[in-house]
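Spelled out, the chains give:
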Amino acid sequence: TEINLWHGVADRAQERDVNLICFSGGIPHWQQEYESQKNILFNIAGEQNVNGLLIWANIFSHTLDPKGLEAFCQCYAPLPMISMGMFIPSIPSIRIDMQEGMHKLLSHLIEWHGRRKIAFIRGIEVSQDAEDRYQAYCDTLIQYGLPIDPGLVAPGNFRRDSGKTAIQQLIDNHRTDFNAVVSANDNM
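Read on for a plain summary of the structure. (Residues numbered from 1 in each chain as written. Predicted model: local features only at pLDDT ≥ 70, side-chain atom pairs only at ≥ 80, totals over all residues. Heavy atoms only, no water.)

### A short note on the overall build of the protein chain
Secondary structure assignment for the protein chain yields 7 helices and 6 strands. Traced from its N-terminal end to its C-terminal end, the protein chain shows the element sequence α-α-β-α-α-β-β-α-β-α-β-α-β. Residue burial in the protein chain is summarised as follows: out of 188 residues, 41% are buried. Long-range pairs, those at least 24 residues apart, make up 65% of the contacts in the protein chain with a sequence separation of at least 6. Looking at the protein chain as shown, the accessible area adds up to about 11,200 Å², and 53% of this sits on carbon and sulfur atoms. (Helix = DSSP H or I, 4+ residues; strand = E, 2+ residues; numbered from the N terminus. Buried < 20%, exposed > 50% of the residue type's maximum accessible area, 1.4 Å probe, protein only. Contact = heavy atoms within 4.5 Å. Areas by Shrake-Rupley, 256 points an atom, 1.4 Å probe, with all protein chains shown as cover.)

### Quick look at the sheet that holds strand S2 (residues 81–84)
Ordered in space as S1-S2-S3, the 3 strands form an open sheet in which the pairing is parallel. Only two strands of the sheet have a single neighbouring strand rather than two, namely strand S1 (53–55) and strand S3 (93–94). (Pairing = 2+ DSSP bridges.)

### Thoughts on the sheet that holds strand S6 (residues 180–183)
Picture the strands of a sheet paired through backbone hydrogen bonds; they go either parallel or antiparallel. Taken in spatial order, the 3 strands of this open sheet run S5-S4-S6, and their pairing is parallel. Pairing within the sheet leaves two strands with one partner each, and these edge strands are strand S5 (153–154) and S6. Sheet topology places strand S4 (residues 118–121) next to S5; 2 bridges connect them, and they run parallel. Across the sheet, Phe 120 pairs through a bridge with Val 153, a residue of S5. Against the sheet, helix H5 (residues 98–113) engages S4 and S6, with an angle of about 175° to S6. (Axes fitted to C-alpha atoms, helices over the stretch in contact; angles between N-to-C directions.)

Laid out in structure tokens, this is it:
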């Protein structure tokens, strides 16, 4: 979903002959390899070299609470800004429907592949994206008349190693009867 959205942004910018610069920095306070070093890229964006910012705010919400996220964005004022993926009261925001993609994925696994015991690796509980995807998991299982088995739901934190830990937890708890695994993000 996210990559398709960025392709859409890039396509629209090209159609309108607008230069688009992507500052692919890290996530503030994220303790994964090289993540903090990547944050230096955010110091490049400013009034002297860009006319506005499209901020992928829901990614930052993994480590920043709403006030911290708003403060991060306000560092770039008075540049025009748009928040993508998460509502921020002080700037225009575009919310993304994370539930629809999860619903389609699970429906595909159930209808086309006959999967009935689908494990789920959750994301950080403070992340609205993670909660939306988990809710879609629950709603889709209910829609297909499948039970929500808490033993098939493992915690995660969006990092690759938490995905490995979640799978190990499922196996250690003798939950080897699952026949598919879905997670709240690609890294896990």
